[in-house]
Amino acid sequence: MGYNWQWYQIPKYIYRYTDNGFQFGELMFGLWTTITLSFSAFALAVILGLLLALLRLSGLFIGTKVAVCFLEFVRNIPLLVLVYLFYYVLGPVFKYDRYTASILCLAVYHSALISEILRAGINAVAQGQWEAAKSIGMSKAQMYRYIILPQSIRFMLPPMTGEVIHMVKSSAIVSVIAVAELTTLGQNIISDTYMAFEIWFTIAVIYMIVIMILSIGASQVERRYTVTN
Amino acid sequence: MSYTSPIINFESVDKFYGNFHALKDITISVNSGERMVICGPSGSGKSTLIRCINGLENHNSGKLTVDGVEVFEGSKDIIRLRQEIGMVFQQFNLFPHLTVLENLTIGPIKVRKISKPEAEIMARKYLERVHIPEQAEKYPAELSGGQQQRVAIARSLCMESKILLFDEPTSALDPEMINEVLDVMVELADTGMTMVCVTHEMGFARKVADTMVFMDEGKIIEVAPPEKFFSKPDSDRCREFLEQILEH
Ligand SMILES: Nc1ncnc2c1ncn2[C@@H]1O[C@H](COP(=O)(O)OP(=O)(O)OP(=O)(O)O)[C@@H](O)[C@H]1O
Ligand SMILES: [Mg+2]
């Protein structure tokens, strides 16, 4: 094939020893950004998703309509277009940087998926639980806080851990607006060194390792919360 | 019996589920301290009637007042009113993620804003009342059906409500557990609390009821004191129904 393999070049992008001692390489910084980006976006997506789910379950005409419109809007736009929208259109209007744009965009996109998980979890709680909570005089907020949400957690956790993994994977897309996460840094290194094969293999392996660690965590969670009966 | 004012009052109440007419022109009242037992065939509207009292179902027309407060869909008073009305369900509906003690104290603490130690003292008192003080730290799933239903009764008692509603409290229980729950209910009846009870346990009804009610097809067919109700009811349908369930 005539390709000049240069695997020996790769480790320095992961770590190196300099006069200042041990240092992480670019790819590790990229990975760190990927992780912080994903988890910030995930936290925001859960809050947004819960709001959406509660709005839809509120029984209020306007609340339901707002939530459904939002969900339809997000669901019918490709993630890539959503990224451009958040960076090139909303970014200049609200004056935020590319990192913020990517968090907001990922959060909005995933909030639609998460709200469905939360809604299904809430609906999975037996009707009698609502009735019992009502009959002791609880308000709607108290019913959710003390009776319904604690019980729906076990229905939500397994699919939610799946969503974390989904989030880490889809975070690669923000490389199109040059946020310095793993995929972007990989592209940068390749444009400097032309080591496309080595770098893309390495990046794929790094994602795989991270996702595998998360999957193991997820299956632990799943085992603990598997719904019996 | 001395005169007491009605604490629950239905005036020409109708209730529809879609096109289905579930309660037809219900007019009946329950006095403070009265013990009313409602029976009737499946689908006759007994649950619907009792669930209207605490607003779990909303009636469509007519007037329903409980403890002087009108109950209607969207009422702002209903949450406060429900604190005065305990309810025991056929399926117990205990909170499975809370211990027995927490099941009993969550209402008093969160709704009535009573301090936790005070609520726990009260909860243990009522667990004693239903004869299971030793189960306080367990989770509902670790108890037998009869014990769970007694916890549910204690949970209603902890709200110190004026009215207790029972919707077939023993019909989900194994036969050998029915009596332990009925015994507790008889003891409660002796305390002078207002009770409305849907049940087909006629032995229990004879023992505690001040008033017997027979429903069929969404209508109240017969209202009578137990002596008359069981010996010479006015309606044939009521007599046939009693013959049927007293056979076994
Ligand atoms: N949520 C509902 N939607 C539609 N129809 C309903 C609903 N709840 C009850 N019904 C109907 O209303 C009628 C009365 O029901 P209800 O539960 O009050 O009867 P019941 O006397 O308690 O019967 P059972 O002894 O079986 O508990 C039944 O025909 C039932 O099918
Ligand atoms: Mg019923």
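Details of the structure are given in the entry above.
What this report covers is the structure whose coordinates are included nearby.

Conventions we followed
All residue numbers refer to position in the chain's written sequence, counted from 1. Each chain gets a letter, beginning with A, and each ligand a number, beginning with 1, in the order they are written. Only residues with pLDDT of 70 or above have their local features reported here, since the model is predicted, and side-chain atom pairs are shown and tallied only from 80 upward, although totals for entire chains, interfaces and linings are computed over all residues. Heavy atoms throughout the structure, all of them, feed into the side-chain values; hydrogens and water do not. Definition of nonpolar core: a set of buried residues of the types Ala, Val, Leu, Ile, Met, Phe, Trp, Tyr and Cys, connected through side-chain atoms within 4.5 Å. Categorising residues by exposure relies on relative accessible area from a 1.4 Å probe, with only protein chains included: less than 20% of the type maximum marks a residue as buried, more than 50% marks it as exposed, and the intermediate range marks it as partly exposed. The helix count covers DSSP runs of H or I at least four residues long, the strand count covers runs of E at least two residues long, and both are numbered beginning at the N terminus. Residue contacts are defined here by distance: any two heavy atoms, one from each residue, within 4.5 Å place the two residues in contact. A pair is scored as a salt bridge if a Lys or Arg side-chain nitrogen falls within 4 Å of a carboxyl oxygen belonging to Asp or Glu. Two N or O atoms form a polar contact when they lie within 3.5 Å of each other; inside protein one atom must be a possible hydrogen donor and the other a possible acceptor, and for residues adjacent in sequence the pair counts only when both atoms belong to side chains. Multiply 1.5 Å by the residue count of a helix minus one, and that product is the helix's expected span. Method remark: on a 1 Å grid restricted to protein atoms, a set of points is classed as a cavity if a 1.4 Å probe fits but cannot get out and as a pocket if it is open with protein on both sides within 12 Å along at least five of seven lines; lining residues have an atom within 4 Å of a point. Grid points are joined across faces, edges and corners, and a volume is the space filled by probe spheres set on the points. Residues are sorted three ways: Asp, Glu, Lys and Arg are charged, Ala, Val, Leu, Ile, Met, Phe, Trp, Tyr, Cys and Pro are nonpolar, and all the rest, Gly among them, are polar. The nearness test applies per residue and asks whether one of its heavy atoms lies within 4 Å of the molecule or strand. Method for areas: the Shrake-Rupley scheme with a 1.4 Å probe, in which residue coverage is limited to the protein chains shown. Only when DSSP finds a minimum of two bridges between them are two strands counted as paired. Angles shown run from 0 to 180 degrees and are taken between the N-to-C directions of axes, each axis being a line fitted to C-alpha atoms and, for helices, limited to the stretch in contact. What makes a patch is a set of residues exposed beyond 30% relative accessible area and free of salt bridges, joined within 9 Å when like-charged and within 5 Å when nonpolar (Val, Leu, Ile, Met, Phe, Trp, Tyr).

### Brief notes about the nonpolar core
For soluble globular proteins, the rule of thumb is that nonpolar side chains tend to be buried together. Counting residues in each nonpolar core, the largest one holds 79 residues, and the members touching the most others are Ile8, Phe10 and Val66 of chain B. The greatest single-element share of this core, amounting to 11 residues, is contributed by helix α5 (residues 98-123) of chain A. In contact with phenylalanine 10 of chain B, not counting residues within four places along its chain, are Ile26, Thr27, Ile28, Leu49, Cys52, Ile53, Lys63 and Leu64 of chain B. Counting 50 residues, the second-largest nonpolar core is a separate cluster that includes Val37, Ile178, Val181 and Ala224 of chain B.

### Topic: the pattern of salt bridges
Using the criterion set out here, one finds 18 salt bridges over all chains in the structure. Note that lysine 228 of chain B and aspartate 234 of chain B form a salt bridge whose closest N and O atoms lie 3.1 Å from each other. Of the residues examined, aspartate 234 of chain B reaches a relative accessible area of 60% and is grouped as exposed. The network of salt bridges with common partners includes Arg56, Glu72, Arg75, Glu116 and Arg119 of chain A.

### What about the side chain of serine 75 of chain B?
Residues and elements named next belong to chain B. As for its position among the elements, serine 75 is in the loop between β5 (69-70) and α2 (78-82). Overall, serine 75 belongs to the buried group, its relative accessible area being 9%. Reaching out from serine 75, the side chain makes a polar contact with the backbone nitrogen of aspartate 77 at a distance of 3.1 Å.

### Quick word on helix α3 (residues 61-75) of chain A
Taking 1.5 Å as the rise per residue, α3 of chain A with 15 residues should run 21 Å; its terminal C-alpha atoms sit 21 Å apart, in good agreement. Buried positions along α3 of chain A lie against α2 (26-57) and α5 of chain A.

### Here's the deal with the layout of surface pockets
Empty space within the second largest pocket amounts to approximately 520 Å³. What lines the second largest pocket is a set of 21 residues, among which Lys134 of chain A together with Gly55, Gly74, Ile78 and Arg82 of chain B lie closest to the centre. Elements represented by at least two residues in the lining of the second largest pocket include exactly α6 (127-135) and α7 (140-170) of chain A together with α2 of chain B. Across the lining of the second largest pocket, the residue classes tally to 8 nonpolar, 5 polar and 8 charged.

### Topic: the site of ligand 1
Residues and elements named next belong to chain B. The environment of ligand 1 is formed by Tyr17, Phe20, Pro41, Ser42, Gly43, Ser44, Gly45, Lys46, Ser47, Thr48 and Glu168. Interatomic distance of 3.0 Å between a backbone N/O atom of glycine 45 and an oxygen atom of ligand 1. Contact distances for ligand 1 include 2.8 Å between an oxygen atom and a side-chain N or O atom of lysine 46. Relative to its unbound accessible surface of 630 Å², ligand 1 loses 59% to contact with the protein. For the shell around ligand 1, a count of residues per class yields 3 nonpolar, 6 polar and 2 charged.

### Considerations on unusual backbone geometry
Residues and elements named next belong to chain B. Phi at asparagine 93 takes a positive value of approximately 55°, unusual for a residue other than glycine. In the Ramachandran plot, glutamate 160 falls in the positive-phi region, its phi being about 45° despite a non-glycine side chain. Tracing the backbone through its elements, the reader meets glutamate 160 in the loop between α5 (145-158) and β7 (163-167). Classification of glutamate 160 by relative accessible area gives partly exposed; the value is 42%.

### Examining the sheet that holds strand β2 (residues 20-31) of chain B
All names here are of chain B. Ordered in space as β2-β1-β4-β5, the 4 strands form an open sheet in which the pairing is antiparallel. Single-partner strands in this sheet number two, and they are β2 and β5. Two strands pair when backbone bridges link them, and strand β1 (residues 6-17) and strand β4 (residues 61-66) are joined in this way by 5 bridges, in the antiparallel orientation. Bridged to phenylalanine 10 within β4 is leucine 64. Packing against the sheet, helix α1 (residues 46-53) makes contact with β1, β2 and β4, and its axis sits at approximately 125° to β1.

### Re a nonpolar patch on the surface
Residue and element names in this part refer to chain A. Residues Tyr15, Tyr17, Phe22, Phe24 and Phe29 make up a contiguous nonpolar surface patch of roughly 610 Å² in combined accessible area. For the nonpolar patch, the secondary-structure elements that each account for two or more residues are β1 (15-18) and β2 (21-24). When you line up the elements, tyrosine 15 lands in strand β1. For tyrosine 15, a relative accessible area of 40% corresponds to the partly exposed category.

### Section: the sheet that holds β7 of chain B
Residue and element names in this part refer to chain B. In spatial order, the strands read β6-β7-β8-β3-β9-β10; together these 6 strands make up an open sheet with mixed pairing. A strand with exactly one partner marks an edge of an open sheet, and here the two such strands are β6 (85-88) and β10 (219-224). With strand direction ignored, the average angle separating the axes of adjacent strands in the sheet is 15°. Judged from the 5 bridges that link them, β7 and strand β8 (residues 194-198) form a sheet pairing that is parallel. Opposite leucine 164, over in β8, you have methionine 195 as the bridge partner. Along the sheet, α1 makes contact with β3 (35-39), β6, β7, β8 and β9 (211-216), crossing β7 at roughly 155°. Against the sheet, helix α6 (residues 175-189) engages β3, β7 and β8, with an angle of about 150° to β8.

### A closer look at the pairing of β9 of chain B
All names here are of chain B. Where burial is concerned, most of β9 is hidden: 6 out of the 6 residues are buried. Burial along β9 is two-sided: the residues Thr211, Val213 and Met215 and Met212, Phe214 and Asp216 are all buried. Alignment of β9 against β10, held across 5 bridges, turns out to be antiparallel. Bridge pairing links methionine 212 to alanine 224 in β10. The antiparallel hairpin formed by β9 and β10 contains 2 residues in its connecting segment, where glutamate 217 sits at a positive phi of about 50°.

By themselves these figures say nothing about function.
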